[in-house]
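What the coordinates show
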Amino acid sequence: MEPDPVLLAEVRAGLVREIEASGVWRDDPAWRAAFAAVPRHLFVPYYYVGVSGGYERLWGEDPDDGRRTRWLRGAYTDAPLATRVRDGDLLSSSSQPSLMAKMLTELDVRPGDRVLEIGAGTGYNAALLAHRLGDDHVTTIDLDPEITESARQHLAAAGYRPAVMTGDGAAGCPERAPYDRIIATCTLGSVPRAWLGQCRPGARILAPLATGLIALTVRDAEHAEGRFLHTPAYFVPLRGGDARTPYDHHIGGLPRRALQSELFRFLLELTAGSLDPHEALALWQREGRPVRERFGVTTSGPYEWAWLDDPEGPYVWPL
């Protein structure tokens, strides 16, 4: 059942205007054309919205006109959409478009770049990349064959055919290497070593880590380094070989004001397993409540560590 073309044009244009107003395309306005061209609703033929006691499913083939309209408007809202739910747990989602726009802009692609996306999701992000760079330059991989098959169908419906691979994203995708850019849409516990070996020197890796976005420059197969962006980011965890069980924080006795600070929660996640939460609080207060951009990550051979201000400075934590 085709959406009403007038309403579709209205909501698509509205989403592009909303993202543009946030200023994320200021450094790379070419992404505006990609978001204007790629039809998000084809990548979310159904999704779930939270309701009391669980989730409600909205879909584009609903016989009720009002519910179909809700589905279409929701598909072009600047918000994440839950696309796979099992036993009440979120398994996969379509990320907030303005955050996707921010990440794609920060990826700093150039014509001819080869990009590997870790976490296929609905295929929407891969379509945006394929629109900008061409199908042959984009590879997306996911561990779940149901997700990759669904993404492949969505991409074909929208007219895009990048490489969609089923496999462990932590191992990268060596058969399509080398890459100039790697972008992850799932939260890492550490940077998988395999990625570095599949990158060209000077490649950029952009990935969620803790509750932030780390932007790494790859020197060679053994070395990469970079800082966190200002932007907070919350994604489902990476599943596969390098996935880690979330650290169980013992935060009893910490002041509520600190726990309500998004930046302090970031520090807690980044130093989990290395710093006692009370030590993290003392550091946070001593250093004047540092912002994300003061933190970074270094990978050197078998070692990987996070740091504050200086990778060789006094504040470093193994990942």
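Details of the structure are given in the entry above.
Residues numbered from 1 in each chain as written. Predicted model: local features only at pLDDT ≥ 70, side-chain atom pairs only at ≥ 80, totals over all residues. Heavy atoms only, no water.

Note that Arg 181 resides in strand S8 (residues 179–184). Arg 181 sits in the buried class, given a relative accessible area of 9%. A polar atom in the side chain of Arg 181 sits 2.7 Å from the backbone oxygen of Leu 107. At 2.7 Å, the side chain of Arg 181 forms a polar contact with the backbone oxygen of Asp 108. (Helix = DSSP H or I, 4+ residues; strand = E, 2+ residues; numbered from the N terminus. Buried < 20%, exposed > 50% of the residue type's maximum accessible area, 1.4 Å probe, protein only. Polar contact = N/O pair within 3.5 Å; in protein donor to acceptor, adjacent residues only side chain to side chain.)

This part covers the sheet that holds strand S13 (residues 303–308). Judged by pairing direction, the sheet is mixed, and its ten strands sit side by side in the order S7-S6-S5-S8-S9-S10-S11-S12-S13-S14 without closing on themselves. Every other strand in the sheet has two partners, leaving strand S7 (163–166) and strand S14 (316–318) as the edge strands with one partner each. Taken pair by pair, the neighbouring strands of this sheet meet at an average axis angle of 20°, ignoring direction. Packing of helix H5 (residues 124–133) onto the sheet brings it into contact with strand S5 (115–118), strand S6 (138–142) and S8, and relative to S6 it is tilted by some 165°. (Pairing = 2+ DSSP bridges. Axes fitted to C-alpha atoms, helices over the stretch in contact; angles between N-to-C directions. Contact = heavy atoms within 4.5 Å.)

On to the pairing of strand S12 (residues 295–300). The element S12 is extensively covered by neighbouring structure, given that five of its six residues are classed as buried. Across five bridges, the pairing between strand S11 (residues 223–232) and S12 is antiparallel. Bridging across to S12, His 223 finds its partner in Ser 300. Two strands pair when backbone bridges link them, and S12 and S13 are joined in this way by six bridges, in the antiparallel orientation. From the neighbouring strand, Phe 295 faces S13, where its bridge partner is Leu 308. Taken together, S12 and the strand that follows it, S13, pair antiparallel across an intervening segment of two residues, in which Gly 301 is found at a positive phi of about 60°.

Another point: the packing of aromatic side chains. For any pair of aromatic rings, geometry is given as the distance between the ring centres together with the angle between the planes. Enumeration over the complete set of coordinates arrives at nine aromatic pairs. For the ring pair Tyr 48 and Tyr 55, a centre distance of 6.4 Å and an interplane angle of 80° mean the geometry is edge-to-face. The exposure class assigned to Tyr 48 is partly exposed, which follows from its relative accessible area of 21%. Overall, Tyr 55 belongs to the partly exposed group, its relative accessible area being 40%. Ring plane angle 45° and centroid distance 5.2 Å describe the contact between Phe 264 and Trp 284, whose orientation is recorded as tilted. Of this pair, Phe 264 sits in helix H9 (residues 262–270) while Trp 284 sits in helix H10 (residues 277–286); the two residues are 20 residues apart in sequence, bridging distant segments of the chain. For the pair Phe 264 and Trp 284, one class covers both residues: buried. Members of the aromatic cluster, each reached through a chain of ring pairs, are Trp 25, Phe 35, Phe 43 and Tyr 124. Just above the ring of Tyr 46 sits the side chain of Arg 57; from NZ or CZ to the centre is 4.4 Å. The ring of Trp 284 has Arg 289 sitting right over it, with the charged end atom 5.0 Å from the ring centre. (Phe/Tyr/Trp six-rings, centres within 6.5 Å; stacked < 30°, edge-to-face > 60°. Lys NZ or Arg CZ within 6 Å of the ring centre and 35° of its normal.)

The next subject is the packing of helix H2 (residues 30–37) against H5. At their nearest, the axes of H2 and H5 sit 9 Å apart, and the two run at 125° to each other. In terms of their interaxial angle, H2 and H5 are classed as oblique. For the pair H2 and H5, the sense of crossing is right-handed. Side by side, H2 and H5 meet where Ala 30, Trp 31, Ala 33, Ala 34, Phe 35 and Ala 37 of the first sit next to Tyr 124, Leu 128, Leu 129, His 131 and Arg 132 of the second. (Parallel < 35°, antiparallel > 145°, perpendicular 65-115°, else oblique. Left-handed = near helix turned anticlockwise from the far one by under 90°.)

Here the bond from Ala 177 into Pro 178 is cis, since omega is 5°, no more than 30 degrees from zero. Tracing the sequence through the fold places Pro 178 in the loop between S7 and S8. With a phi close to 60°, Asp 108 is a non-glycine residue in the positive phi region. When you line up the elements, Asp 108 lands in the loop between helix H4 (97–107) and S5. Residue classification places Asp 108 among the partly exposed positions, given a relative accessible area of 30%. Even without glycine at this site, Ala 210 takes up a positive phi of about 55°.

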